[in-house]
Amino acid sequence: MPLVIAMDGPSGSGKSSASKGVARALGLRYLDTGAMYRAMTWWMLENGVPVEDGAAVAARVQDPVIESGTDPAAPTITVDGTDVSGPIRTRAVTNAVSAVSSVPAVRARLVELQREIIGAGGIVVEGRDIGTAVAPEAPVKVFLTASAEVRAARRAKDLAADPGASVTVTQAEQERRDRLDSTRKASPLAKAAGAHEIDSTGLSLDEVIEAVVRLAKEHE
């Protein structure tokens, strides 16, 4: 099959930067599945849907039109034709996305969209359940991790514009999200069978990219 690299791991492990770097290095497309769940969550919040009510979320899951661009140099995410790449990264969305993504109807719809994009091959796909549920047949699977402190520091840096996003607060929110994502019934966050685990705690971004590129070339 055409090369598909599944990049899974918890928030702040460095998946996005590494995945885009690997895609550019190998001339592949790139898909951020987490952005799709964030986009769905953003739409639910914007439309007043109570995100903790799974039935209410499921009832509206077909309403938003979510489209993902796959250029690793300039990935895009739109909802109903509107660019939401900025709004979906707020703490409000981050703290609600686990609830929305745990709804089976949400996962069913977005996994279908993800598989349509992956089907063309030649792609690096990042998320939480790529190697376990979305593309278990992917020839290269990576599970990227990092210490809780490092992950929180990275995420807090991303949220620098939010005065409430201290490293301590971010780590607490991140631990809550990790717990929810790892224990949900629908496609929980887990290391896929056969996945290569890379701990990015003491590695530079370039070193992580080089490690994944090396795995991909070993597969050839």
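Residues numbered from 1 in each chain as written. Predicted model: local features only at pLDDT ≥ 70, side-chain atom pairs only at ≥ 80, totals over all residues. Heavy atoms only, no water.

Colleague: Now, about the overall build of the protein chain: what can you tell me, with residues and values included?
Modeller: A tally of regular secondary structure across the protein chain gives 9 helices and 8 strands. For 220 residues, the compact-globule estimate of 2.2 N^0.38 gives 17 Å, and the C-alpha radius of gyration of the protein chain, at 16 Å, lies within 12% of that figure. Within the protein chain, the proportion of its 220 residues that are buried is 50%. At a minimum sequence separation of 6, the contacts of the protein chain that also span at least 24 residues come to 76%. Total accessible area on the protein chain is roughly 9,700 Å²; 53% of this is exposed by carbon and sulfur atoms. The averaged location of the 29 negative side-chain charges in the protein chain is 2 Å from the averaged location of its 25 positive side-chain charges. (Helix = DSSP H or I, 4+ residues; strand = E, 2+ residues; numbered from the N terminus. Rg over C-alpha atoms; globule rule 2.2 N^0.38 Å. Buried < 20%, exposed > 50% of the residue type's maximum accessible area, 1.4 Å probe, protein only. Contact = heavy atoms within 4.5 Å. Areas by Shrake-Rupley, 256 points an atom, 1.4 Å probe, with all protein chains shown as cover. Lys, Arg positive; Asp, Glu negative; His and termini not counted. Charge placed at Lys NZ, Arg CZ, Asp CG, Glu CD.)

Colleague: Could you give me a rundown of the sheet that holds strand β7 (residues 140–145), with the residues and numbers involved?
Modeller: Ordered by their spatial adjacency, 5 strands build an open sheet running β2-β6-β1-β7-β8, and the pairing between neighbours is parallel. Since the sheet does not close on itself, it has two edges, and those belong to β2 (29–32) and β8 (196–199), each with one partner. When strand polarity is set aside, the average angle formed by the axes of neighbouring strands in this sheet is 20°. Note that β2 and strand β6 (residues 123–127) share 4 bridges and pair parallel. If you follow Arg 29 over to β6, its bridge partner there is Ile 123. Contacting β1 (4–8), β2, β6 and β7, helix α1 (residues 15–26) runs over the sheet at an angle of about 175° to β6. (Pairing = 2+ DSSP bridges. Axes fitted to C-alpha atoms, helices over the stretch in contact; angles between N-to-C directions.)

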